[in-house]
Amino acid sequence: MAKKTKIRAKEKDGIVIAKVLMSHPMETGLRKDKKTGKKIPAHFIQEVIAKAGDKTVLEAFWAGGVSKNPYMSFKYKGAKGEMLTISWIDNQGGSASKSAKVK
Amino acid sequence: MKRRTLLKTSLAASVVMAVGSVIPGRVMAAYPKAAFENKDAAGALNDMFGTSDYAESGDIKIKAPEIAENGAVVPVQVSSSIANIESISIVVSGNPTPMIASFNMHGSEGFVSTRIKMGKTSDVLAVVKAGGSLHATRQEVKVTIGGCGG
Amino acid sequence: MRKTIYTIVVSLITSMIGTLALASTPTEDLKAFQQYYMDRFPDTPKSDFNNGVYSIDAAARETFESIEEFAPYEIDIEKGEELYHKPFANGGTYNDCFGEPGVRHLYPQFDSETGKIVTLESAINDCRKAAGEKKLKYKKGTIAELTAYMAYESRGNVFDIKIPNDPRALAHYNRGKRHWYSKRGQLNMACADCHWTNAGNMLRAERLGPAFGHMTHFPKYRAKWGNLGTPHRRFAGCNSQVRAKPFKAQSDEYKALEYFLTYMGNGLEANGPATRK
């Protein structure tokens, strides 16, 4: 499965509103496979880091309680044209990183 | 069993290191594993912050549906006018592991929005850490499970 | 759980009211069908029926709008776009079959050569077959990513399904209509029992949506599925729910049902993909 991240970042009056969508199963480890009856192993993003240029503007810690294909939005002081980079890692060692320009 | 856990922990630890190196110059904070695995809301706060005492605050607003259409996807938005917010955490007391998410704000505005899972009707607690102490507010979200199969 | 479904279903109105006449023409049916829902939900503007149950449930709509702001299917649209434009091994592309991706609102179609109904999903597999590619599974996965992109490109176009004056086309239409009104399954309920007679009423914790607008937004991302599904995946779910054995995806029966139901929504704007609970 391709790991995809989509970012929208818009500046208004010096504040950037960032909206991020990540593709991830976010399995809690408590769910059972309907067919096999076996527990589906935990598989969730546990850390997300947002950087504006090279300054960290947000660091999120998650567990399986965040919905599948997670969404997050936050606001920070920034300017148009700056890069916003979102990186995440999951509990199985998977990771992804994606950048977008602030509009 | 024990071995497994140990293995997992060290895997997680090495993974965190990996991201640390992917992103140079970041302020490292360890993944608060105990807080996320604690089955009790107060216990989870204790693991995360060393205390579960918080002051009820009118300066925190939660935007969440009164009735969740489907507990699998419940939009929750937390905003606060409190100054110098260090972190915003979302805790659902009715979930098997109540700590859902914790955001270290690094100077960002007092605002986060995300979508969470809720197993049953319960309070959503938004905990804001600022100036070394905890402030919180809560909102009940009723969860009804869908009826149309497949 | 099973018991609850029984009791609640029994508490719904079980005798059908004012159904479409069996001998009426598609044009007459369409008018009566749309008018019924507009009379039943006078506060809902006609153009808003493509939002399904959210067109009649203000509280649920808030959650819906919040999720639509950045919906999980946006990732699927992106994947679908790549898939759609990636050439087949023989160098051909989907555009050779479809001309352009934004054609969701033109399906299903009656094919006067074969006398069969062509759905967007079956057309995709026909296109692949002609190019020597493997068929895709019909309910979810790659095919839904492709149709997500195609639906997205079709947004804003108005549904205009044609029932040509051909007895074979009419036979498909009538078969679909019959399916919609026939009681089936252990619970002995028709689609119309829930989505016509009880539209707006509660089934357990769920509000039943109007059927006017049922087909405008596929594929859809259901919170319950956690991924995208095609129309026939939804039909199968609604058949199973009354404990009837579902038909196969892309069976003639479901194609006919989709033909009828999509035609009933003619005039509405395509707005897929969309999220539902």
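Residue numbers restart at each chain and count upward from 1, following the sequence in its written direction. All chains are assigned letters beginning with A, and all ligands numbers beginning with 1, in the order in which they are written. Local features are withheld for residues below a pLDDT of 70 in this predicted model, meaning they are given only at 70 or higher, and side-chain atom pairs are given and counted only at 80 or more; totals for whole chains, interfaces and linings count all residues. With hydrogens and water set aside, each side-chain value is computed from the structure's full complement of heavy atoms.

1. A short note on the overall build of chain B
Consideration 1: On a plain count of helices and strands, chain B comes out with three helices and nine strands.
Consideration 2: Remark: exposure states derive from per-residue accessible area (1.4 Å probe, protein chains only) relative to the maximum for the residue type, with buried under 20%, exposed over 50%, and partly exposed in between. Residues classed as buried in chain B amount to 51% of the 150 residues present. Helix and strand definitions follow DSSP, with helices as H or I runs of at least four residues and strands as E runs of at least two, each counted in order from the N terminus.

2. Comments concerning the interface of chain A and chain C
Consideration 1: Each partner contributes residues to the interface: chain A has 14 residues there, and chain C has 13 residues.
Consideration 2: A buried area of about 1200 Å², summed over both sides, lies between chain A and chain C, and 55% of it is on carbon and sulfur atoms.
Consideration 3: Take the accessible area each of two parts loses on contact, using a 1.4 Å probe, and add the two losses: that sum is the buried area. Summed over the three residues of chain A that lose the most area to chain C, namely Lys4, Lys6 and Leu21 of chain A, the buried surface amounts to 46% of that side.
Consideration 4: Salt bridges are counted wherever a side-chain nitrogen of Lys or Arg sits within 4 Å of a carboxyl oxygen of Asp or Glu. Here chain A is connected to chain C by five salt bridges.
Consideration 5: Between glutamate 78 of chain C and lysine 6 of chain A there is a salt bridge; the shortest N-O distance is 2.9 Å.
Consideration 6: In protein, a polar contact requires one atom able to donate a hydrogen and another able to accept it; more generally it is a pair of N or O atoms within 3.5 Å, and residues adjacent in sequence count only if both atoms are side-chain atoms. For the pair chain A and chain C, the number of links is seven residue pairs in polar contact (both at pLDDT 80 or more).
Consideration 7: Mapped onto the side of chain A that touches chain C, the elements with two or more residues apiece are β1 (5-12) and β2 (15-22) of chain A.
Consideration 8: Among the elements that take part in the side of chain A that touches chain C, β2 of chain A stands out by supplying four residues, more than any other. By the convention used here, residues are in contact when the closest approach between their heavy atoms is within 4.5 Å.

3. Quick word on a positive patch on the surface
Consideration 1: Side chains of Lys34, Lys35 and Lys68 of chain A together with Lys137, Lys139, Lys140 and Lys224 of chain C sit close together on the surface and give a patch of like positive charge.
Consideration 2: On the secondary structure map, lysine 35 of chain A appears in the loop between β2 and β3 (45-52).
Consideration 3: Judged by relative accessible area, lysine 35 of chain A falls into the exposed class, the value being 82%. Residues enter patches when their relative accessible area tops 30% and they take part in no salt bridge; the joining distance is 9 Å for like charges and 5 Å for the nonpolar side chains Val, Leu, Ile, Met, Phe, Trp and Tyr. Surface exposure here means Shrake-Rupley accessible area, sampled with a 1.4 Å probe, where a residue is shielded only by the protein chains that are shown. Within this scheme the basic residues Lys and Arg register as positive and the acidic residues Asp and Glu register as negative, but His and the chain ends are omitted. Throughout, a charge is located at the NZ atom of Lys, the CZ atom of Arg, the CG atom of Asp or the CD atom of Glu.

4. Here's the deal with the environment of glycine 229 of chain C
All names here are of chain C.
Consideration 1: Secondary-structure assignment places glycine 229 in strand β6 (residues 227-229).
Consideration 2: Given the relative accessible area of 0%, glycine 229 is considered buried.
Consideration 3: Sequence spacing of glycine 229 and lysine 139 is 90 residues, and the spatial spacing of their C-alpha atoms is 5.8 Å.
Consideration 4: If we skip the residues at most four places from it in the chain, glycine 229 touches Lys139, Phe218, Pro219 and Lys220.

5. Overview of the layout of surface pockets
Consideration 1: Computed over the protein atoms alone on a 1 Å grid, cavities are sets of points where a 1.4 Å probe fits but cannot get out and pockets are open sets with protein on both sides within 12 Å along at least five of seven lines; a residue lines them when it has an atom within 4 Å of a point. Grid points are joined across faces, edges and corners, and a volume is the space filled by probe spheres set on the points. Of the pockets and cavities examined, the second largest pocket occupies roughly 730 Å³.
Consideration 2: Lining the second largest pocket are 32 residues, and of these Pro65 of chain B together with Ala59, Ala60, Glu62 and Thr63 of chain C lie nearest its centre.
Consideration 3: Elements supplying a minimum of two residues to the lining of the second largest pocket: β2 and β5 (71-77) of chain A, β3 (67-68), β4 (74-80) and β7 (111-116) of chain B together with α3 (58-68) and β4 (206-207) of chain C.
Consideration 4: Tallying contributions element by element places α3 of chain C first for the lining of the second largest pocket, with six residues.

6. Comments concerning the packing of helix α8 (residues 167-181) of chain C against helix α11 (residues 252-263) of chain C
Residues and elements named next belong to chain C.
Consideration 1: Axes here refer to lines fitted to C-alpha atoms; in helices the fit is confined to the stretch in contact. Angles between the N-to-C directions go from 0 to 180 degrees. In contact at an axis separation of 7 Å, α8 and α11 are set at 90 degrees when each is read in the N-to-C sense. With respect to their mutual orientation, α8 and α11 come out roughly perpendicular. Residues Ala169, His172, Tyr173, Arg175, Gly176, Lys177, His179 and Trp180 of α8 form the contact with α11, whose participating residues are Asp252, Glu253, Tyr254, Ala256, Leu257, Tyr259, Phe260, Leu261 and Tyr263. In what follows, roughly perpendicular refers to angles from 65 to 115 degrees, roughly parallel to angles under 35, roughly antiparallel to angles over 145, and oblique to any angle outside these ranges.

7. Comments concerning the interface of chain B and chain A
In many analyses, interface size is given as the accessible surface area lost on bringing the parts together.
Consideration 1: Across the boundary between the two partners, chain B contributes 34 residues, which contact 37 residues of chain A.
Consideration 2: In total, chain B and chain A occlude about 3000 Å² of area from one another, counting both sides; carbon and sulfur atoms represent 56% of this.
Consideration 3: For the chain B face of the interface with chain A, the top three residues by lost area are Tyr31, Arg115 and Lys117 of chain B, together amounting to 20%.
Consideration 4: Counting across the interface, chain B meets chain A through one salt bridge.
Consideration 5: Lysine 77 of chain A serves as the salt-bridge partner of glutamate 109 of chain B, at 3.0 Å between the closest nitrogen and oxygen.
Consideration 6: Our count for the chain B to chain A interface comes out at 16 residue pairs in polar contact (both at pLDDT 80 or more).
Consideration 7: Broken down by element, the side of chain B that touches chain A gets its largest block of residues, six residues, from β7 of chain B.
Consideration 8: When the residues that make up the side of chain B that touches chain A are grouped by side-chain class, the tally is 24 nonpolar, six polar and four charged. When residue character is reported, Ala, Val, Leu, Ile, Met, Phe, Trp, Tyr, Cys and Pro are called nonpolar, Asp, Glu, Lys and Arg charged, and the others, Gly included, polar.

8. Description of the sheet that holds β5 of chain A
Strand pairs in the sheet, formed through backbone hydrogen bonds, run parallel or antiparallel to each other.
Consideration 1: Think of it this way: DSSP has to see at least two bridges between two strands before they count as a pair. On the basis of which strands lie adjacent, the open sheet formed by six strands has the order β1(A)-β2(A)-β5(A)-β7(B)-β4(B)-β2(B) and antiparallel pairing. On the outer flanks of this sheet lie β1 of chain A together with β2 (60-63) of chain B, each paired with one strand and no other. Averaged over all pairs of adjacent strands, the angle between strand axes in this sheet comes to 15 degrees, irrespective of strand direction.
Consideration 2: Alignment of β5 of chain A against β7 of chain B, held across three bridges, turns out to be antiparallel. Its bridge partner lying in β7 of chain B, serine 73 of chain A is registered against serine 113 of chain B.
Consideration 3: Along the sheet, helix α4 (residues 73-85) of chain C contacts β1 and β2 of chain A; its crossing angle with β1 of chain A, the most-contacted strand, is approximately 115 degrees.

9. A closer look at the confidence of the model for chain B
Residues and elements named next belong to chain B.
Consideration 1: For chain B, per-residue confidence averages 83 on the pLDDT scale, and residues scoring 70 or more make up 77% of the total.
Consideration 2: Predictor confidence is given residue by residue as pLDDT, running from a minimum of 0 to a maximum of 100. Segment residues 1-27: pLDDT under 50, and 29 contacts once partners within four positions in sequence are set aside and those in other chains are kept.
Consideration 3: Per-residue pLDDT stays below 50 along residues 146-150; that stretch engages in 22 contacts with residues further than four places along the chain or on separate chains.
Consideration 4: Here the prediction assigns the complex a pTM of 0.86, and the interface score ipTM is 0.94.

10. Focus on empty space enclosed by the protein
One water molecule sets the probe size; rolling that probe over the atoms shows where empty space is left.
Residues and elements named next belong to chain C.
Consideration 1: The full count for this structure, using the stated rule, is five cavities of 30 Å³ or more.
Consideration 2: Quantified by volume, the second largest cavity comes out at close to 110 Å³.
Consideration 3: Lining the second largest cavity are 14 residues, with Ile67, Ala223, Thr275, Arg276 and Lys277 sitting closest to its centre.
Consideration 4: Contributing elements (two or more residues each) for the lining of the second largest cavity: α3, β5 (220-222) and β7 (274-276).
Consideration 5: Ranked by residues supplied to the lining of the second largest cavity, first place goes to α3 with three residues.
Consideration 6: Class assignment of the residues belonging to the lining of the second largest cavity gives a composition of seven nonpolar, three polar and four charged.

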